[in-house]
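Chain by chain, the residues run as shown.
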Amino acid sequence: MSHGLASPELGECTRNPGYKDADGDGPAARDNISVSDSEEKRDSIGVKRLSDARDEYTQIKPYAGMPKEVLVLYSSKARYRVPREILFWLTVCCTLALVAVTIAVIALSPKCLSWWQASPVYQIYPRSFKDSDGDGVGDLKGIREKLDHFEYLNIKSIWISPFYRSPMKDFGYDVEDFRDIDPLFGTMKDFEDLLAAMHSKGLKLIMDFIPNHTSDLHRWFNLSRTRDPHYEDYYVWTDCKPDGPKPNNWVSIFGNSSWTYDEVRGQCYLHQFLKEQPDLNFRNPDVIKEMIDIIHFWLEKGVDGFRMDAVKHMLEAPHMRDEPQVDPNKPPLVTTEWDLHSDYTTSQVGLHDILREFRAQMDIYSQEPGRYRFMVTESYDYEEVYKTMMYYGSRLEKEGDFPFNFYLLDLPHNTSGVWAKHLVHLWMGNMPKGKWPNWVVGNHDRTRISSSAGRLYVRAINMLLLTLPGTATTYYGEEIGMENINVTASQIQDPAGKYNTSASRDPQRSPLQWNADTNAGFNEKTNLTWLPLHPDYETVNVEAQMKDDGSVLAQYRFLNTLRQSELPLNRGWFCYVHADANVFSYIRELDGLKRAFLIVVNFGKESAVTDLSSVRELPDELKVLMSTTIANDGKVFPKSRIQTEVGEGLVIQYSTNTRFNPNHPEECYISEKACYLETIDILYKC
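Residues numbered from 1 in each chain as written. Predicted model: local features only at pLDDT ≥ 70, side-chain atom pairs only at ≥ 80, totals over all residues. Heavy atoms only, no water.

Participant: Would you mind going over the state of the cysteines in detail, with residue names and values included?
Facilitator: One pass over the full model with this rule turns up three disulfides. Between the sulfur atoms of Cys240 and its disulfide mate Cys268 the distance is 1.9 Å. Every disulfide takes its handedness from the sign of the S-S torsion; for Cys240 and Cys268 that torsion is 90°, giving right-handed. Pair noted here: Cys240 is in the loop between β6 (237-238) and β7 (259-262) and Cys268 is in strand β8 (residues 267-270), with a separation of 28 residues, a long-range link. Disulfide pairing places Cys575 opposite Cys668 at an S-S distance of 2.1 Å. In this structure the cystine formed by Cys575 and Cys668 twists about its S-S bond by roughly 120°; its chirality is therefore right-handed. With a gap of 93 residues between them, Cys575 in strand β14 (residues 573-579) and Cys668 in strand β22 (residues 668-669) connect regions that are remote in the sequence. Accessibility classification places Cys575 together with Cys668 in one group, the buried group. (Disulfide = S-S within 2.5 Å. Helix = DSSP H or I, 4+ residues; strand = E, 2+ residues; numbered from the N terminus. Buried < 20%, exposed > 50% of the residue type's maximum accessible area, 1.4 Å probe, protein only.)

Participant: I'd love a proper account of the UniProt feature "transmembrane region" (unreviewed entry) in the protein, names of residues and values included.
Facilitator: Here the UniProt-annotated "transmembrane region" (unreviewed entry) positions come out as residues 86-108. Structurally, residues 86-108 is divided into 100% helix and 0% strand, and its ends, taken at the C-alpha atoms, are 32 Å apart. (UniProt positions renumbered as here; feature names shortened; annotations may be inferred.)

Participant: Requested: an account of the layout of surface pockets, with residues and values cited.
Facilitator: Taken as a whole, the largest pocket encloses approximately 1500 Å³ of empty space. In this structure, the largest pocket is lined by 50 residues; those nearest its centre are Ile253, Glu337, Trp338, Tyr382 and Arg446. Here the lining of the largest pocket is composed, by residue class, of 15 nonpolar, 19 polar and 16 charged. Approximately 540 Å³ is the volume found for the second largest pocket. Around the second largest pocket sit 28 residues that line it, and Lys111, Trp116, Gln117, Gly434 and Trp436 are the ones nearest its centre. Breaking the lining of the second largest pocket down by element, the ones donating at least two residues are α5 (115-118) and α19 (567-571). At three residues, α19 tops the list of elements feeding residues into the lining of the second largest pocket. (1 Å grid on protein atoms, 1.4 Å probe; cavity = no way out; pocket = protein on both sides within 12 Å on 5 of 7 lines; lining within 4 Å. Points joined across faces, edges and corners; volume = space filled by probe spheres on them. Nonpolar A, V, L, I, M, F, W, Y, C, P; charged D, E, K, R; others polar.)

Participant: Which residues make up the UniProt feature "domain: Glycosyl hydrolase family 13 catalytic" (unreviewed entry) in the protein, and what values do they have?
Facilitator: Annotation from UniProt places "domain: Glycosyl hydrolase family 13 catalytic" (unreviewed entry) at residues 123-509. The distance from the first to the last C-alpha atom of residues 123-509 is 12 Å, and the span holds 26% helix and 12% strand.

Participant: Describe the packing of aromatic side chains, with residues and values.
Facilitator: Counted according to the given criterion, the structure contains 44 aromatic pairs. Geometrically, the ring pair formed by Phe178 and Phe209 is tilted, given 6.4 Å between the ring centres and 45° between the ring planes. You can see Phe178 sitting in strand β4 (residues 177-181) and its partner Phe209 sitting in strand β5 (residues 204-209), a full 31 residues away along the chain. We classify Phe178 as buried; its relative accessible area is 2%. Residues Phe209 and Phe306 carry aromatic rings whose centres are separated by 5.5 Å and whose planes lie at 55° to one another, so their mutual orientation is tilted. Here the residue Phe209 occupies a position in strand β5, and Phe306 occupies one in strand β9 (residues 305-308), the gap between them amounting to 97 residues. Note on accessibility: Phe209 and Phe306 belong to one class, buried. Taken together through their ring pairs, the aromatic side chains of Phe163, Tyr164, Phe178, Phe191, Phe209, Trp220, Tyr231, Tyr234, Phe297, Trp298, Phe306 and Phe358 make up a single cluster. Over the face of the ring belonging to Tyr344 we find Arg321, whose NZ or CZ atom lies 5.6 Å from the ring centre. The ring of Tyr576 has Lys421 lying over it, and the distance from NZ or CZ to the ring centre is 4.9 Å. (Phe/Tyr/Trp six-rings, centres within 6.5 Å; stacked < 30°, edge-to-face > 60°. Lys NZ or Arg CZ within 6 Å of the ring centre and 35° of its normal.)

Participant: Report on the pattern of salt bridges, specifying residues and quantitative values.
Facilitator: Considering all chains together, one arrives at 36 salt bridges under this definition. The shortest N-O distance in the salt bridge between Lys330 and Asp339 comes to 3.6 Å. Note on Lys330: relative accessible area 40%, which makes it partly exposed. On the basis of relative accessible area, Asp339 is assigned to the buried category, the value being 18%. Two residues, Glu399 and Arg356, come together in a salt bridge whose shortest N-O distance is 3.6 Å. Linking Glu399 in the loop between α12 (385-389) and β11 (402-403) with Arg356 in helix α11 (residues 351-366), this pair joins segments that are 43 residues apart in sequence. (Salt bridge = Lys/Arg side-chain N within 4 Å of Asp/Glu carboxyl O.)

Participant: Provide a residue-level description of the sheet that holds β5, including the pertinent values.
Facilitator: On the basis of which strands lie adjacent, the open sheet formed by eight strands has the order β11-β10-β9-β5-β2-β1-β13-β12 and parallel pairing. Each edge of the sheet is formed by a strand with only one pairing partner; in this case those strands are β11 and β12 (438-440). The sheet contact formed by strand β1 (residues 121-124) and strand β2 (residues 157-160) spans four bridges and is parallel. Along β2, the bridge assignment pairs Tyr122 with Ile158. In this fold helix α8 (residues 188-200) packs onto β2 and β5, with an angle of close to 140° to the strand it touches most, β5. Contacts between α11 and the sheet are confined to β5, β9 and β10 (374-377), with β10 contributing the most and set at about 160° to the helix. (Pairing = 2+ DSSP bridges. Contact = heavy atoms within 4.5 Å. Axes fitted to C-alpha atoms, helices over the stretch in contact; angles between N-to-C directions.)

Participant: Can you tell me about helix α18 (residues 552-565), naming the residues and giving the values?
Facilitator: Spanning 14 residues, α18 covers 20 Å between terminal C-alpha atoms, matching the ideal 20 Å at 1.5 Å per step. Inspection of α18 places Val552, Leu553, Ala554, Gln555, Tyr556, Leu559, Asn560, Leu562 and Arg563 among the buried residues, and these make up the whole buried set. (Expected span 1.5 Å × (residues − 1).)

Participant: Lay out helix α10 (residues 285-301) in plain terms, naming residues and giving numbers.
Facilitator: One full turn of an α-helix is made of 3.6 residues, so residues set three or four places apart face in the same direction. Over its 17 residues, α10 extends 25 Å from the first C-alpha to the last, a length consistent with the 24 Å expected when each residue adds 1.5 Å. Within the span of α10, buried status applies to Val287, Ile288, Glu290, Met291, Ile292, Ile294, Ile295, Trp298 and Leu299. If you check the start of α10, you find a side-chain oxygen 2.9 Å away from the backbone N of Asp286, and it comes from Asn284. Count one or two residues on from α10 and you reach Gly302, which has phi positive near 115°. (Polar contact = N/O pair within 3.5 Å; in protein donor to acceptor, adjacent residues only side chain to side chain.)

Participant: Account for the nonpolar core, naming residues and giving values.
Facilitator: In terms of nonpolar packing, the biggest core is built from 131 residues, with Tyr122, Phe191, Phe282, Met291, Trp298, Phe306 and Phe358 touching the most fellow members. Broken down by element, this core gets its largest block of residues, eight residues, from α10. Contacts of Phe282, omitting those with residues within four sequence positions, involve Pro211, Asn212, Val287, Ile288, Met291, Met314, Leu315, Ile354 and Phe358. Formed by 22 residues, the second largest nonpolar core is a distinct cluster that contains Val577, Ile587, Ala596 and Ala608. (Core = buried A, V, L, I, M, F, W, Y, C linked by side-chain atoms within 4.5 Å.)

Take a look at the structure:
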């Protein structure tokens, strides 16, 4: 009988008295053997056979298709078991190490820049951007037609001034219906199509939100003046007589008393702007709820953020006492806001609570992945910069992402390097630690910087705007250096200009100059433009400058692309290096990264030679990466003799292992410190 059969029943079979193998052997064939002897022999034979079978197993090499019994026998041997265990634990250790490294990288990585930090904010004044229907006024369809302009400039954030339904007493800042589009600009479908087109191109839309007041044609005001029980206190009313003295000496932004008598209600209502713009009463919780509902309405539409207009005016002191005069020796008759200290009509206690509630509502919608909702506040606080900084919120409670910084609007007051540094430091020196700065050099209310400072400085100012830390805001046309137009008294459209011709804001609101064709490409269907064009549109226009590598547009585009692609410029240290009567100079660097940038800008009235030999962190020779004077691109200067002409700016890229910021901490600022690890090309918190 063969004992080489690999059967698990082998031992059991030898004990079976009825078992008979193929050769006729077996217990049934051996009748002459006694039962007891037979059983002993069977047991002995069974044990021997099982032992022999196991011995034979050890001599069979593993083979494909082997039964599991053989596999189990071999798998338990040390030479197979040990490598298997080593591989198992090695896999476990590698997995745990990978998880630990991933967690460490996430924990140590600085927060990614949000969309409102990575790109400049571009302000569109919709009346003047692009007219699609030939009525001479820009509209939403016109904006949609020109979205490629933002892709060309590498701009992602678009702020559009008001397009709500409005009687246009203040060109959209007097809102008749917060949930509708004014027919002048299009329809709600036009807005939805524009928003969808923007999102498809990766662009973000920031709307103007106007909480302080409505139009006097708004439904709420009409219900309030008739004393509807729900709307009676939606506005600020007080007793007065139609031909008697005003309730107090408060003055409108546009001049004269901020109180107007309403014959229907028989009381005076407050308006800190035009009399057609009655102030809402934010001490009424129902008003706050109404405005929050409006915020929800537009966020549900998909809007990416809001610019909160004139927020410091939202609350007034309930006692309504006279405001103190700036000059107490003058007669008590005041006619402009500059005659008074606005102690009771601006920045009142409770204002920031309301704004934080607005922010909290926006944060609910920001939880959607990739859809952060941005909030910026507008408040002109002039020398009271500490009031502006309060709009950042606190460490415990978030408010705006930043308040608009208007201090660079004063650059033309004193064109010098020292003055430029002073204006920059007003913000950087007062900004709460860890907050994000921003810079504005123009808007729909202020003279174009190219006109106030002079065309000679336009390129240098754009360089300053795009190389300072934080977010730049560009008013439409600044990217090509547009200037103010001249508007005659008969051409004035601005309501403020009709009250006071010298206060007209029309000059900075002329149509954008797209090309040298009729109407500068603004209106291609008729010969209408709501304001005159600047006579230089045949040479100063987008199309012409796209073809010129040395144009204002080309340099703006280069600087914006450089800013977004270079870590030192978009999130690195900002350090003052030098300032004198002509030149303002600063460094942008990142810890751990050899590449750094020196910016030298001449805001003075004469050419200058700047000596930076005392700055030991700079290499002895410096090569110009970009100059606003294109002929100087690529020039090499010794650091003791950096030459600049009037209105010239230089971006100098250099390489060094020595950082400037550790040795000059009092001259340097950063919002969120990060370091670069060159060996694996990552950023980490440090």
